[in-house]
Structure formats: C-alpha cells, structure tokens
Amino acid sequence: MRGREVFGHAVTRMTESARAALAHTGWQPDDVDRLVGHQANLRILHAVAEQLDIPVERLVIHLDRVGNTAAASIPLALAHAHGTGELAPGSRVVLAAFGGGATWGATALTWPTLKSA
C-alpha cells in the first residue's frame, strides 16, 4: 500500500461525503453532536474532523480499545458511545467511512431512543 496516498484519499473522500450528507440535511458543522468515522487510524479521524470544522472532542473514538475492526468499526463505535452515554436520543450524528477497494460514504442521522431487550 501507498500509505500517504491512502491517507490523503481517505481524508478527502470521507470529508467530501460527510459534507454532502450535511448539505442534504441542512446541518452545519456546529449542529453535529458526534462524528463517527471508520476507526482505521486516529490521524485520519482527526484530519477529517479538522477538515469539517468539527472539534475533535466530538469524535467518537473506539479504535484505542479494539483496533481497526474493518467494516465493524462504526457499529462497534456507535454501540460503545451509546453504552457510555456519549450518544443520547436526539444527538445529531455524522457517520463517514472509507474502506477496502477504495469505497467511501457518509450519512447524517438523529440518534433514536433505543429500548432494552
């Protein structure tokens, strides 16, 4: 792999797709309560937050606990953030991912009220 190229591509594509999701919802960066990116690399997560003008304090970081869990990284980060109270019903959340095969995407959502099983 060409690490620097992959890093740059990941940051650019995750940022662009997150901006598109924000534009679709009409949200501004200040409206975002949590940014949950693919948990591949802390530097990528920080760079995407910086590019979006979202404070790094609003990043959900789970990478430090489990490493890069590939396609499971965002769902695991969401479950952790919900479990710790970092995500509350009504939180505005942006998810952004970049993965194998140079695929990427983002979405914006309002965190729901979840019922216990």
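A. Structural context of the nonpolar core. Of all hydrophobic cores here, the largest spans 21 residues; its most connected members are Met-14, Val-32, Leu-35, Ile-44, Val-48, Leu-52 and Val-94. Elements supplying a minimum of two residues to this core: α1 (3-25), α2 (42-52) and β2 (92-99). Residues Ala-77, Leu-78, Leu-87 and Trp-111 belong to the second largest nonpolar core, which totals 10 residues.

B. The arrangement of α1 in detail. With 23 residues, α1 extends 33 Å from end C-alpha to end C-alpha; this agrees with the ideal 33 Å at 1.5 Å per step. Of the positions making up α1, those classed as buried are Ala-10, Val-11, Met-14, Thr-15, Ser-17, Ala-18, Ala-21 and Leu-22. Buried residues in α1 make contact with β1 (34-37), α2, β2 and β3 (103-110). Just past α1, the residue Gly-26 takes up positive phi, approximately 85 degrees.

C. Quick look at the packing of aromatic side chains. This structure, assessed with the given rule, holds one aromatic pair. The interplanar angle of 10 degrees and the centroid separation of 6.5 Å between the aromatic rings of Phe-98 and Trp-104 together place this pair among those described as stacked. Overall, Trp-104 belongs to the partly exposed group, its relative accessible area being 42%.

D. Spotlight on the sheet that holds β1. Here three strands make up an open sheet; going across it, the order is β1-β2-β3 and the pairing mixed. The open sheet has two free edges, formed respectively by β1 and β3, since each of these has just one partner strand. Averaged over all pairs of adjacent strands, the angle between their axes in this sheet comes to 15 degrees, without regard to strand direction. Inspection of the sheet shows β1 paired to β2 by four bridges, in the parallel sense. Each bridged residue has a counterpart across the sheet, and for Gly-37 the counterpart in β2 is Ala-96. The strands touched by helix α4 (residues 73-84) within the sheet are β1 and β2, with β2 carrying the most contacts at an inclination of about 150 degrees.

E. Region of the structure containing the packing of α1 against α2. Direction vectors running N to C along α1 and α2 enclose 40 degrees, while the axes themselves pass 9 Å from each other. Between α1 and α2, the crossing angle belongs to the class labelled oblique. As α1 runs across α2, the sense of the crossing is right-handed. From α1, Phe-7, Ala-10, Val-11, Met-14, Thr-15, Ala-18 and Arg-19 reach across to α2, where they touch Arg-43, Ile-44, Ala-47, Val-48, Gln-51 and Leu-52. Residues of the contact of α1 with α2, tallied by class, amount to nine nonpolar, two polar and two charged.

F. Quick peek at unusual backbone geometry. A positive phi is found at Asp-53, a non-glycine position, where the angle reads about 60 degrees. Assignment of secondary structure puts Asp-53 in the loop between α2 and α3 (63-66). When its relative accessible area of 59% is taken as the criterion, Asp-53 is described as exposed. Even without being glycine, Ala-70 reaches a positive phi, approximately 55 degrees.

Calculation criteria
Residues numbered from 1 in each chain as written. Predicted model: local features only at pLDDT ≥ 70, side-chain atom pairs only at ≥ 80, totals over all residues. Heavy atoms only, no water. Core = buried A, V, L, I, M, F, W, Y, C linked by side-chain atoms within 4.5 Å. Buried < 20%, exposed > 50% of the residue type's maximum accessible area, 1.4 Å probe, protein only. Helix = DSSP H or I, 4+ residues; strand = E, 2+ residues; numbered from the N terminus. Expected span 1.5 Å × (residues − 1). Contact = heavy atoms within 4.5 Å. Phe/Tyr/Trp six-rings, centres within 6.5 Å; stacked < 30°, edge-to-face > 60°. Pairing = 2+ DSSP bridges. Axes fitted to C-alpha atoms, helices over the stretch in contact; angles between N-to-C directions. Parallel < 35°, antiparallel > 145°, perpendicular 65-115°, else oblique. Left-handed = near helix turned anticlockwise from the far one by under 90°. Nonpolar A, V, L, I, M, F, W, Y, C, P; charged D, E, K, R; others polar.

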